[in-house]
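What follows is each chain in one-letter form.
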Amino acid sequence: MRNLVLPIGLTCFFLLSSLQPAGEKNFAVTKIVIDAGHGGKDPGTLGSYTKEKDVALEVALKVGEYVKKYVPDVEVIFTRNTDTFIELRKRSQIANEHNADLFVSIHANSLPKKTPLTRKLSIKGSEVYVMGAQNTERALEVAKRENSVILLEEDYEKNYDFDPQSEESYILFNLTQSAYQDNSLLLASLIDNQLTKRAGRRSYGVKQSSLQVLWSTAMPSVLVEIGYLSNPDEEKELNNPDVQSYIASGIYRAIKEYKEAFDAQN
């Protein structure tokens, strides 16, 4: 499947005009859930000295701080604000129970351990995912890795209807996010654009993947992979508080752009 990178600028006006037909859900943003991926007994991906759960939390908290400071009329809810293990299904449950208007999940990427060093050195940058039933080989790899956290949960077989390591499960993964797909794609595109402009990240674009954490949310939702811990240079950058702030600022600015676009329609 091709990357779904949407244009930014004047074309957004025409896109926005088509996203909120009369009589349908009002997409105004008054409440947002920010989800720091992994946590507690689940470290996420690993760099040479970094755990994904730590950099994800640092950036997530910074995003929340920016939103609270500069868009005070938007309520910010964190799925976690400490090093705590939160079950995958509970992350979307938190968003749904709070009737959030947006869900943003923050993660860090990594290539498999057996990847040659030359490739690890060449692959760095961010990518933004929305829920989708079609997966490229790389998107499926990301989905399997991110979804595999459910194997750490007690009684996971009772709580989930699929095996995160089975390709057949992803073929049967139903797209329940269709009602929010256009809006998720718009938010993802705005984040991707801001991470390139504001944070100077190399962009791998906006992609679809069968991610459990996005599948169950009843609002526009995205998952942001902020960089590759398998790249030594980017691992160092992602541990730099200034770089974390630039990344968080980019995500915040995209959220603000999205909010302002829909506020203008109301």
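Structure: above.
Residues numbered from 1 in each chain as written. Predicted model: local features only at pLDDT ≥ 70, side-chain atom pairs only at ≥ 80, totals over all residues. Heavy atoms only, no water.

(A) Structural detail: the overall build of the protein. Regarding its fold elements, the protein presents 11 helices and 6 strands. Expressed as a percentage of the 266 residues in the protein, the buried residues total 54%. Considering only contacts within the protein whose residues lie at least 6 apart along the sequence, 82% involve residues at least 24 apart. Total accessible area computed for the protein in this model is approximately 12,000 Å², and 51% of it derives from carbon and sulfur atoms. (Helix = DSSP H or I, 4+ residues; strand = E, 2+ residues; numbered from the N terminus. Buried < 20%, exposed > 50% of the residue type's maximum accessible area, 1.4 Å probe, protein only. Contact = heavy atoms within 4.5 Å. Areas by Shrake-Rupley, 256 points an atom, 1.4 Å probe, with all protein chains shown as cover.)

(B) Structural detail: the side chain of Glu225. Structurally, the position occupied by Glu225 is in strand β6 (residues 221-228). A polar contact of 3.2 Å, which involves the side chain of Glu225, links it to the backbone nitrogen of Asn109. (Polar contact = N/O pair within 3.5 Å; in protein donor to acceptor, adjacent residues only side chain to side chain.)

(C) The arrangement of the pairing of strand β1 (residues 31-36) in detail. The buried fraction of β1 is high, at 5 of 6 residues. Where β1 and strand β2 (residues 75-78) come together, 4 bridges link them in parallel fashion. Note that in β2 the partner of Lys31 across the bridge is Glu75. After leaving β1, the chain enters helix α2 (residues 52-70) and then returns to the sheet as β2, a path that is right-handed. (Pairing = 2+ DSSP bridges. Right-handed = clockwise from strand over helix to strand, strands pointing away.)

(D) A look at the sheet that holds strand β4 (residues 126-131). The mixed open sheet is built from 6 strands, whose spatial order is β2-β1-β3-β6-β4-β5. Where the open sheet ends on each side, the last strands, each with one partner, are β2 and β5 (203-209). With strand direction ignored, the average angle separating the axes of adjacent strands in the sheet is 20°. Its contacts with the sheet put helix α11 (residues 241-263) on β1, β3 (102-109) and β6, and the angle it makes with β3 is roughly 155°. (Axes fitted to C-alpha atoms, helices over the stretch in contact; angles between N-to-C directions.)

(E) α2, seen in detail. If you check α2, its first and last C-alpha atoms are 27 Å apart, about what 19 residues at 1.5 Å a residue would give, namely 27 Å. Of the residues making up α2, those classed as buried are Glu52, Lys53, Val55, Ala56, Leu57, Val59, Ala60, Lys62, Val63, Gly64 and Val67. (Expected span 1.5 Å × (residues − 1).)

(F) Main features of the pattern of salt bridges. Under the criterion given, the structure shown has 10 salt bridges. Two residues, Glu127 and Lys207, come together in a salt bridge whose shortest N-O distance is 2.7 Å. Separated by 80 residues along the polypeptide, Glu127 in strand β4 and Lys207 in strand β5 bring together distant segments of the chain. Each of the two residues, Glu127 as well as Lys207, counts as buried. For Glu260, the salt bridge is made with Lys256, and the minimal N-O distance between the two is 2.7 Å. (Salt bridge = Lys/Arg side-chain N within 4 Å of Asp/Glu carboxyl O.)

(G) Fine view of the environment of Glu87. Mapping Glu87 onto the fold places it in the loop between β2 and α3 (88-97). In this structure Glu87 comes out as buried when scored by relative accessible area, which is 15%. Sequence separation between Glu87 and His38 is 49 residues, and the spatial gap between their C-alpha atoms is 8.7 Å. Within the structure, Glu87 has its side chain in polar contact with the side chain of Arg89 (distance 3.1 Å).

(H) Local environment of the packing of α2 against α11. The N-to-C vectors of α2 and α11 enclose an angle of 50°; their axes lie 8 Å apart at closest approach. The angle between the axes of α2 and α11 places the two elements in the oblique class. Between α2 and α11 lies a crossing whose hand is right-handed. When α2 is examined against α11, the residues Val55, Glu58, Val59, Lys62, Val63, Tyr66, Val67 and Tyr70 are found in contact with a partner set consisting of Pro241, Gln244, Ser245, Ile247, Ala248, Ser249, Ile251, Tyr252 and Ile255. When grouped by side-chain class, the residues that make up the contact of α2 with α11 number 12 nonpolar, 3 polar and 2 charged. (Parallel < 35°, antiparallel > 145°, perpendicular 65-115°, else oblique. Left-handed = near helix turned anticlockwise from the far one by under 90°. Nonpolar A, V, L, I, M, F, W, Y, C, P; charged D, E, K, R; others polar.)

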